[in-house]
Amino acid sequence: MSKASPKAAGPPDTLPTSPEALPAPPAGSDPREITRRLSKLRDQIRHHEYQYYVLDAPEISDADFDVLMRELKRIEADWPDLITADSPTQRVGGKPLNGFDKVAHSRPMLSLDNVNSEEELREWDRRVRELAGAQEISYVCEYKLDGLSMALHYGAGSSAGAAGADKSAHLLRALTRGDGTIGEDVTSNVRTIRSVPLSISAKKLAAAKLPIDFEVRGEVVMPAAAFLRWNEEREAAGMAPAANPRNAAAGTIRTLEPNIVAQRRLDFYAYFALKANGDTLFSDQGTALDALTAAGFRVNPHRESIHDFERLLQFIASAEERRATLGYEIDGVVIKVGSTALQQRMGYTGRAPRWAVAYKFSARSAVTRVEDIRIQVGRTGKLTPVAVLSPVAIGGITVARATLHNADEIARLGLEIGDFVTVERGGDVIPKVVEVLARKADDDHPRRAFQFPTHCPVCGSEIVRAEGEADHRCVNIDCPARLRESLLHFAARNVMNIEGLGEAVVTQLFERGMVKSLADVYALDEPALLSLERIGAKTAQALLAQVARSKSAPLNRVLFGLGIRFIGERTAQLLAEEFGSIDALMTASQAELEQVNEVGPRVSQAIREFFDERKNVKLIERLRQTGLTLTAERRKKSSQLEGLTLVLTGTLPTLSREDAKARIEAAGGRVATSVSKKTNYVVAGEDAGSKLDKAHSLDVKVIDEAALLSMLAVSSSAS
C-alpha cells in the first residue's frame, strides 16, 4: 500500500498495523477462536483499506497488506461457513450479471440548475435571500465532481444474508440516478469500489450519529490515472479511447461483470445523507458531510461554509485554478443553502431544488495546428473524422486529437489540413475543433483539403450515407472495428441469450483473433475456450451448451441480434411476423418494408442498406449453415380495424398498454402515440390526460376498453 501522501489522522478505531500483530490460530482451534481471529483480520484489513482508499494515508506496504489478505483468504477457504458478505474478500463476485433491476428511489434524485457567470450567480443569490426573508444565509460550497450519481442504502443485516445479528450497518443496495425517480440496481458492481464501506461498525455509527438504516448519495468517479491507464489499454487493443472519465465511470458501472469493474479502480465520494425513507437526517449540510466522514466514507475535503458573496467568488476561482491538479475531474462548484430547515422551506421547482445551484466552469481551449485528419470507425459503424493536432496543453492535459464530428462539420468550419484552430475541451465532451483561426501554409505544413473515404478504412466495405443524415457509416456487422460490440449485443440476455459470453470472454476472443465474425461463435470448441484466461472445463462446457441452445432462438431474436440500425426488439418482432423468413426480408423493397406497422422511410432504408452489403449476406448464409432459426410463423391478421388509427391513453381496466396495442395491430389497426385529425379513435382509461383533451378539441371519437373489446370480438368472429 505504497501510495505517497501526507500523513492523515487515523479512523476512530485503533488497530494493530503489522501482519505479525495478530497471532496465527493454533492447530485444532475451535470455530469460536477462528471467528475471533477472522473478525480481527477483517477489521485490520478494513482499517488499511480506509487509510489507503479514503484518507490517501497508507500505513503499511503493499506487500504487508497482501500478507493480511492472503491469510484471510486461507482461513476462509478452510472455514467457508464463517465467510460473511461484508468480508474484504467478498467485494468481487465472479459470476457475471444478467442485467440490472429497476428500483424506485426513496426520494427523487434531482438535477441542479446551472449558472455560468458571476451575474447569473448573483441573480440566484438574490432569489435565495428573497426566499429566506430575514433569516441569515450560510452556503456550503463543494467541488462538483464530474461522475455518476449514486444512492447507497445501508441497514441491518446484509444483502447476502450474513452478519445480520450485529449492530453494524451493511451495504444493502446501490442505485444509479436513472431518470431521477427510478434507478438501476448496480450493487454487485459498487461493492468492488474500495472507498465504499461494505459495513459500518456500531462504534462509527454512534460517532457519526447515524441510524443503522440510512441512505448515502454521492458521486462515482474514475480518477485521472485510472482513466489514462484504461485508455492506453483500449488503444493497445485497437479500440477507440473513451471520451472522458465521466463516461468511462458510467460505462464501467453498467458493465455486467463485477471483476472488470474492480479492475477500473473507481472511487466514490459521499455528499448527502438521508433516512431510509428519504427524509432529512441532519440540520445542515456541513454537519452531514462531517458525519459521513466520521462514518468512514470518502468525502471531498475541498468544501467550505461561506456567508459572504465575495468569498464565494474566491472559492470558485480557487477551484478553477486547482482543477488540473486534483487527480480527478471537476466541472464546477456546487453551492447549497446550509440549513436543511431553510432548504425545505424554499422547496423545489419542477426539476431542481431552489436552494442549490451548480456554477459550471467555462470550457478550456487552446490554439494549435491540424497536422492531419483521420477516420475512426466506432462500435456502431459510424465514421468519425478526427483531427490530429500538434500536441497542446489544455487544462493540465496534453491534447493531440480532437473530434470533427462528421463531414458537414468540416465543411462548416471550412477546415483544411494545415490550418491553425481553436480546440476546446469542455467538462463533458472530448476535445473538439471549434474555430479555424488562420490558414498558413509552409513547406513543412502544406494546406490540403480532406476527402471523406468512400470505403471503410478498416474492412473495405462501401460506406453509406442516408439521405438527410450527417453521418457516414460502415454497415458490415463483421467489420473488425465494430465486431466486439456486435458480439456483446448478439450474446445479450434479451437477444440470443448466450450466458457466459460476456465482456471478458468476448474481449479475449476478439484480441486473439479467434472470432472474426458473428458466425465464428458457433465454431468455438472446448480446446479453444480452454486456452482463454480463467476458463476451466466446466465453464467451457457450459458456454458451449449456451451457444448450442441459442440456435433455437426465434427469428425475431436473430434479426435484433444483427444490429441493423433502428431495429429494436419490437420492430424485429413485427418484421419476423410480417415476412416469415429472413429470405423474404432480404429481398423486400423499401415500399414493401414500409407496409409493416412502425416501419418508416428511415427504418426501411437502414434495412436495405444492411442487406445490400454483400458481406452481411455472406454472414447470413454462414449463420444458416450453423442451424440458426431463420424462419417464423407469419402473423394472421384480420381486417376489421384495417386502415384505422387508434391512440391509447390512461389506465385500462383489464388490458395493459402492451396487450391493447398488440390486439389492435393483430386486427389490422395502427396505434399512434399522439392525437391528430387523422386519429380515428382514442381509447381512454382511468386518469386519461392531455390526449383525451386533444381528442375532444379535434372531435375525435373517444371509446372505452369495453368498446374496444367489442370491436376486437367482431374482428375475431369475422376472421
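Rules and cut-offs
Residues numbered from 1 in each chain as written. Predicted model: local features only at pLDDT ≥ 70, side-chain atom pairs only at ≥ 80, totals over all residues. Heavy atoms only, no water. Salt bridge = Lys/Arg side-chain N within 4 Å of Asp/Glu carboxyl O. Helix = DSSP H or I, 4+ residues; strand = E, 2+ residues; numbered from the N terminus. Buried < 20%, exposed > 50% of the residue type's maximum accessible area, 1.4 Å probe, protein only. 1 Å grid on protein atoms, 1.4 Å probe; cavity = no way out; pocket = protein on both sides within 12 Å on 5 of 7 lines; lining within 4 Å. Points joined across faces, edges and corners; volume = space filled by probe spheres on them. Nonpolar A, V, L, I, M, F, W, Y, C, P; charged D, E, K, R; others polar. pLDDT = per-residue confidence, 0-100. Contact = heavy atoms within 4.5 Å. Core = buried A, V, L, I, M, F, W, Y, C linked by side-chain atoms within 4.5 Å. Pairing = 2+ DSSP bridges. Axes fitted to C-alpha atoms, helices over the stretch in contact; angles between N-to-C directions. Phe/Tyr/Trp six-rings, centres within 6.5 Å; stacked < 30°, edge-to-face > 60°.

Undergrad: Quick one: what's the story with the pattern of salt bridges, residue by residue and with numbers?
TA: Applying the stated rule across the entire model yields 36 salt bridges. Asp331 is the salt-bridge partner of Lys144, the closest N and O atoms lying 3.3 Å from each other. Of this pair, Lys144 sits in strand β3 (residues 139-145) while Asp331 is found in strand β11 (residues 330-337), placing the two residues 187 residues apart along the sequence. Across the pair, Asp331 and Lys144 agree in class, each one buried. Between Arg447 and Glu416 there is a salt bridge, with its nearest N and O atoms 3.3 Å apart.

Undergrad: Outline empty space enclosed by the protein, listing residues and values.
TA: Empty space among the atoms can be located by rolling a probe the size of a water molecule over them. Taken as a whole and assessed by the stated rule, the structure comprises three cavities of 30 Å³ or more. For the largest cavity, the calculated volume is near 80 Å³. Put simply, the parts of the chain that give the lining of the largest cavity at least two residues each are β19 (472-474) and α21 (601-612). With three residues, α21 is the largest single contributor of residues to the lining of the largest cavity. Here the lining of the largest cavity is composed, by residue class, of five nonpolar, two polar and four charged. Taken as a whole, the second largest cavity encloses approximately 40 Å³ of empty space. What lines the second largest cavity is simply Phe272, Ala273, Thr280, Leu281, Phe282, Asp284, Gln285, Ala288 and Thr340. At the level of elements, β9 (267-275) and α9 (285-294) are the ones that each hand at least two residues to the lining of the second largest cavity.

Undergrad: Which residues make up the confidence of the model for the protein chain, and what values do they have?
TA: On average, residues of the protein chain score 84 in pLDDT, and 87% of them reach the 70 mark or higher. Counting contacts from residues 158-164, a segment whose pLDDT is below 50, to residues more than four positions away or on other chains yields 15 contacts. Below pLDDT 50 for its whole length, residues 715-719 participates in five contacts with residues either more than four positions away or in separate chains.

Undergrad: Just give me the short version of unusual backbone geometry, but keep the residues and values in it.
TA: One non-glycine residue, Arg534, adopts positive backbone phi at about 60°. Along the chain, Arg534 turns up in the loop between α15 (526-530) and α16 (537-550). Positive phi values are uncommon outside glycine, yet Asp687 reaches one of about 60°. Looking at where Asp687 falls in the secondary structure, it is placed in the loop between β22 (681-684) and α24 (690-697). Residue classification places Asp687 among the exposed positions, given a relative accessible area of 69%.

Undergrad: Provide a residue-level description of the layout of surface pockets, including the pertinent values.
TA: A volume near 1100 Å³ is recorded for the second largest pocket. Along the wall of the second largest pocket there are 45 residues; nearest its centre are Leu110, Leu112, Lys144, Ser149 and Tyr271. Listing elements by their share of the lining of the second largest pocket, those giving two or more residues are β3, β8 (214-221), β9, β11 and β12 (356-360). Residue composition of the lining of the second largest pocket, by class: 20 nonpolar, eight polar and 17 charged.

Undergrad: Which residues make up the nonpolar core, and what are the values?
TA: In this structure, Ile498, Leu562 and Leu575 are the most contacted members of the largest nonpolar core, which totals 54 residues. Elements with a contribution of two residues or more to this core: α13 (480-491), α14 (503-511), α16, α17 (555-561), α18 (569-579), α19 (582-587), α21 and α22 (614-626). Element by element, the count of residues in this core is highest for α18, at five residues. In this view, Leu562 contacts Ile477, Ile582, Phe610, Leu619, Ile620 and Leu623; residues no more than four positions away in its chain are not counted. Counting residues in each nonpolar core, the second largest holds 41 residues, with Val186, Leu205, Ala208 and Phe297 among its members.

Undergrad: Go over the sheet that holds strand β10 (residues 303-306), please, and point to the residues and values.
TA: In spatial order, the strands read β2-β12-β11-β3-β10; together these five strands make up an open sheet with mixed pairing. The strands lining the two open edges of the sheet, one partner per strand, are β2 (114-115) and β10. Pairing of β2 with β12, which is carried by two bridges, proceeds in the parallel orientation. Bridged to Val115 within β12 is Tyr359. Across the sheet, helix α3 (residues 118-132) touches β2, β3, β11 and β12, and the angle it forms with β12 is around 170°. On top of the sheet, α9 reaches β3, β10 and β11; it is set at about 55° to β3, its chief contact.

Undergrad: Break down the packing of aromatic side chains for me, with residues and values.
TA: Given two aromatic rings, one states the distance between the centres and the angle between the planes to describe the pair. Counted according to the given criterion, the structure contains nine aromatic pairs. Look at Tyr154 and Phe297: their rings are 5.5 Å apart centre to centre, the planes differ by 85°, and that puts the pair in the edge-to-face class. Placement of Tyr154 in strand β4 (residues 148-155) and of Phe297 in the loop between α9 and β10 is noted, with a sequence separation of 143 residues between them. Its relative accessible area of 2% is what places Tyr154 among the buried residues. Assessed through its relative accessible area of 1%, Phe297 is described here as buried.

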